[in-house]
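# Fold and geometry: a report
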Amino acid sequence: MIVNSLSLCYHNKVILAPMVRVGTLPMRLLALDYGADIVYCEELIDLKMLQCKRVVNEVLSTVDFVAPDDRVVFRTCEREQSRVVFQMGTSDAERALAVARLVENDVAGIDVNMGCPKEYSTKGGMGAALLTDPDKIEKILSTLVKGTHRPVTCKIRILPSLEDTLSLVKRIERTGIAAIAVHGRKREERPQHPVSCEVIKTISEALSIPVIANGGSHDHIQKHLDIEDFRQATAASSVMVARAAMWNPSIFLKDGLRPLEEVMQKYIRYAVQYDNHYTNTKYCLCQMLREQLESPQGRLLHAAQSSQEICEAFGLGVFYEETTRELDARRADLLARTPEEVGESAEDISGVIKMAVKFDRRAYPPQITPKMCLLEWCRREKLAQPVYETVQRPLDRLFCSVVTVADKKYQSTLWDKSKKLAEQTAAIVCLRSQGLPEGRLSEESSSLHKRKWEAPDQDPGGPRAQEPALPGELCKKPFVVLRNSEESSLEGRLLYTSVGTGQTKTPEDPLAMIGSHFPRVKQGAGLD
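Residues numbered from 1 in each chain as written. Predicted model: local features only at pLDDT ≥ 70, side-chain atom pairs only at ≥ 80, totals over all residues. Heavy atoms only, no water.

### Observations concerning the environment of I172
- Here I172 shows up in helix α6 (residues 162-173).
- In sequence terms I172 and S142 are 30 residues apart; their C-alpha atoms lie 8.9 Å from each other.
- The contact partners of I172, leaving out residues within four places of it in the chain, are I137, L141, C154, I156, I177 and I180. (Helix = DSSP H or I, 4+ residues; strand = E, 2+ residues; numbered from the N terminus. Contact = heavy atoms within 4.5 Å.)

Below, the structure is given as structure tokens:
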């Protein structure tokens, strides 16, 4: 993604406010479609962001900031790069600066939340808790202004007295920030309390930097024309819209609100295209439906347990299938790249063959993995089973594995979050180097899909060879302790019971267990 060199302007703008669980990428893009000039992401906590790795997602054409548990904490794309403001929750200047430097090349501005009164924000001295510590506010904002290349803003609430509020905002202005957003309620007040337009107006008249008025959704803003009325009532430079935009993002449209059904369908399309987690999609749609949650469509949405079911509830089942196929094809294409295509040398001076590959479970059928395919090939060729050597990097606790097959070593240059994933990627490198199938959905067939396993002492022509073993029959063999060298190369899951203990076990290699200890079974029998 190209570094944004534009300076964000906060004069005469209509802005999507930062809203937890709402201000994710699909909602921000939808707001831009309907006319928002600037969009804020939801508040993201500094400590969580500092654990994240910046990842270019070639499948979605996004930049993702991914936590160690593989959860995407912040996702953005080129479409919004010049208009998205990253809002953080922080109580420490150095952490705030570290986060700003992490994201500054992918966003247009940096904002510090100093107004949210909810516990998830105020704990640890963040959010509205900062309003009682002007010294800390000044340090955080001054550090950010001096240390980042993006315009810095903050969002506050008003204090119990007008005098204290004016004293605070003037001190904030002296830090050099580009604008200040003011929610016209005190920390203890909620949406049912009237917003104080007069206090925002006094602040606007006292400062030389742009003031962004916020808090008008309940009393003032029901349609687009109301946004300008609210701006005039507060004498603010710009207006930030929260709940009115959450209920219907087309509030930003000058031509008037669009039908909610149309808006929700457009939102769902963005959610599917950008792989938004279905629980977040469902939450945002529920906020839009509001009093219609008990309608037939609302009940279907409430019952939905996946993105596909959400799409089906809104008549977008075909769209979901087509988009999913397209994304899967992109993943498969990326996985199929040769070392030359991804800029990697095939073999380094140590003799280890390397490629930049990742293992994506979604690109493979159930119960089929590259490790299984590699083990099957080695057995068929009468080679020693693959041996995996895996190391963990202390800095970020990621894993890398080298697999040895026929005295050659294979490794992915990309590090993984777990030992199992690292071994899968090493197996992929070996299989691709040999031109062998790895079991992907895009491959027409694999001998692994077809092979019927049989124990050495089982008569292939016997009557039991034609039927799968029943689950109870799989429990007849005792628990087998595998050697370390065997455990490292085995893959898959098979539940069976240990004789004597009655405990359910999950051996590392169902292929080895089935092939060496159990009657011949059909592929997939007993596999989870």
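Now that the structure has been shown, we can carry on.
### Looking at the packing of aromatic side chains
- Using the criterion set out here, one finds four aromatic pairs in the structure.
- Ring centres of Y270 and Y274 lie 6.4 Å apart, and the angle between their planes is 35°; this geometry places the pair in the tilted category.
- You can call Y270 buried: its relative accessible area is 14%.
- Through pairs of rings, three or more aromatic residues link up here, namely F65, F74 and F86.
- Above the plane of the ring of Y34 lies K266, whose end atom (NZ or CZ) is 5.0 Å from the centre. (Phe/Tyr/Trp six-rings, centres within 6.5 Å; stacked < 30°, edge-to-face > 60°. Buried < 20%, exposed > 50% of the residue type's maximum accessible area, 1.4 Å probe, protein only. Lys NZ or Arg CZ within 6 Å of the ring centre and 35° of its normal.)

### Here we look at unusual backbone geometry
- Non-glycine residue D275 carries a positive phi angle of around 55°.
- Along the chain, the position of D275 falls in the loop between α10 (260-273) and α11 (278-289).
- According to the relative accessible area criterion, D275 is partly exposed, its value standing at 34%.
- Positioned with a positive phi, A406 is a non-glycine residue whose angle comes to about 55°.
- Under the relative-accessibility criterion, A406 is labelled exposed at 52%.

### Some points on helix α5 (residues 134-147)
- Between its first and last C-alpha atoms α5 spans 20 Å; for 14 residues at 1.5 Å apiece the expected length is 20 Å, and the two agree.
- Within α5, the full set of buried residues consists of I137, I140, L141, S142, T143, L144 and G147.
- Considering only its buried residues, α5 is in contact with α3 (93-103), β8 (109-114), β9 (152-157) and α6. (Expected span 1.5 Å × (residues − 1).)

### Notes on the sheet that holds strand β13 (residues 352-355)
- The sheet built from four strands is open, its strands ordered β13-β16-β15-β14 with mixed pairing. Each edge of the open sheet carries a strand with a single partner, namely β13 and β14 (387-392). Each strand of the sheet is rotated relative to its neighbour by a mean of 25°, with strand direction disregarded.
- Where strand β15 (residues 399-405) meets strand β16 (residues 408-412), four bridges bridge the pair, whose relative direction is antiparallel. When the sheet's bridge partners are listed, V402 is paired in β16 with Q411.
- Sitting on the sheet, helix α15 (residues 370-380) touches β14 and β15, and the angle it makes with β15 is about 15°. (Pairing = 2+ DSSP bridges. Axes fitted to C-alpha atoms, helices over the stretch in contact; angles between N-to-C directions.)

### Structural notes on the sheet that holds strand β4 (residues 53-57)
- Spatial strand order, β4-β5-β6: three strands in an open sheet with antiparallel pairing. Two strands close off the open sheet at either side, each with one partner strand: β4 and β6 (72-77). The sheet shows a mean angle of 25° between the axes of neighbouring strands, taken without regard to direction.
- Pairing analysis gives five bridges linking β4 to strand β5 (residues 62-66), with the strands arranged antiparallel. Note on β5: the bridge partner recorded for N57 is T62.
- Packing against the sheet, helix α1 (residues 25-33) makes contact with β5 and β6, and its axis sits at approximately 30° to β6.

### Let's talk about the side chain of S204
- Its location among the elements puts S204 in helix α7 (residues 197-206).
- On the basis of relative accessibility, which here comes to 12%, the residue S204 falls in the buried class.
- Side-chain polar atoms of S204 contact the backbone oxygen of T234, separated by 3.2 Å.
- For S204, the contacting residues outside a window of four places in its chain are V211, T234, A235 and A236. (Polar contact = N/O pair within 3.5 Å; in protein donor to acceptor, adjacent residues only side chain to side chain.)

### Examining the confidence of the model for the chain
- Of all residues in the chain, 79% have pLDDT values of 70 or greater, and the mean over the chain is 83.
- A low-confidence stretch, residues 1-6 (pLDDT under 50), is modelled with 19 contacts involving residues beyond four sequence positions or located in other chains.
- Predicted confidence for residues 342-346 stays below pLDDT 50, and this span has 11 contacts to residues more than four positions away or in other chains. (pLDDT = per-residue confidence, 0-100.)

### Describing a negative patch on the surface
- Together, E309, E312, E321 and E322 make up a region of like negative charge exposed at the surface.
- Where the negative patch is concerned, the elements lending two or more residues are α13 (307-313) and α14 (317-335).
- One can find E309 in helix α13.
- A relative accessible area of 34% places E309 in the partly exposed class. (Patch = residues over 30% accessible without salt bridge, like charges linked within 9 Å, V, L, I, M, F, W, Y side chains within 5 Å. Areas by Shrake-Rupley, 256 points an atom, 1.4 Å probe, with all protein chains shown as cover. Salt bridge = Lys/Arg side-chain N within 4 Å of Asp/Glu carboxyl O. Lys, Arg positive; Asp, Glu negative; His and termini not counted. Charge placed at Lys NZ, Arg CZ, Asp CG, Glu CD.)

### Side note on the pairing of strand β7 (residues 84-89)
- Within β7, six of the six residues are buried, which leaves the element mostly enclosed by the surrounding structure.
- Across the two faces of β7 the burial is the same, with V84, F86 and M88 and V85, Q87 and G89 all buried.
- In this structure, strand β2 (residues 38-40) lies alongside β7, joined through two bridges in parallel fashion. Paired with V39 across the two strands is V84, which belongs to β7.
- As judged from the two bridges shared by strand β3 (residues 44-45) and β7, these two strands associate in the parallel manner. By the bridge assignment, L44 is partnered in β7 with M88.
- The pairing of β7 with β8 spans four bridges and is parallel. Following the sheet pairing, Q87 is matched in β8 by D111.
- The parallel pair β7 and β8, bridged by α3, forms a crossover whose chirality is right-handed. (Right-handed = clockwise from strand over helix to strand, strands pointing away.)

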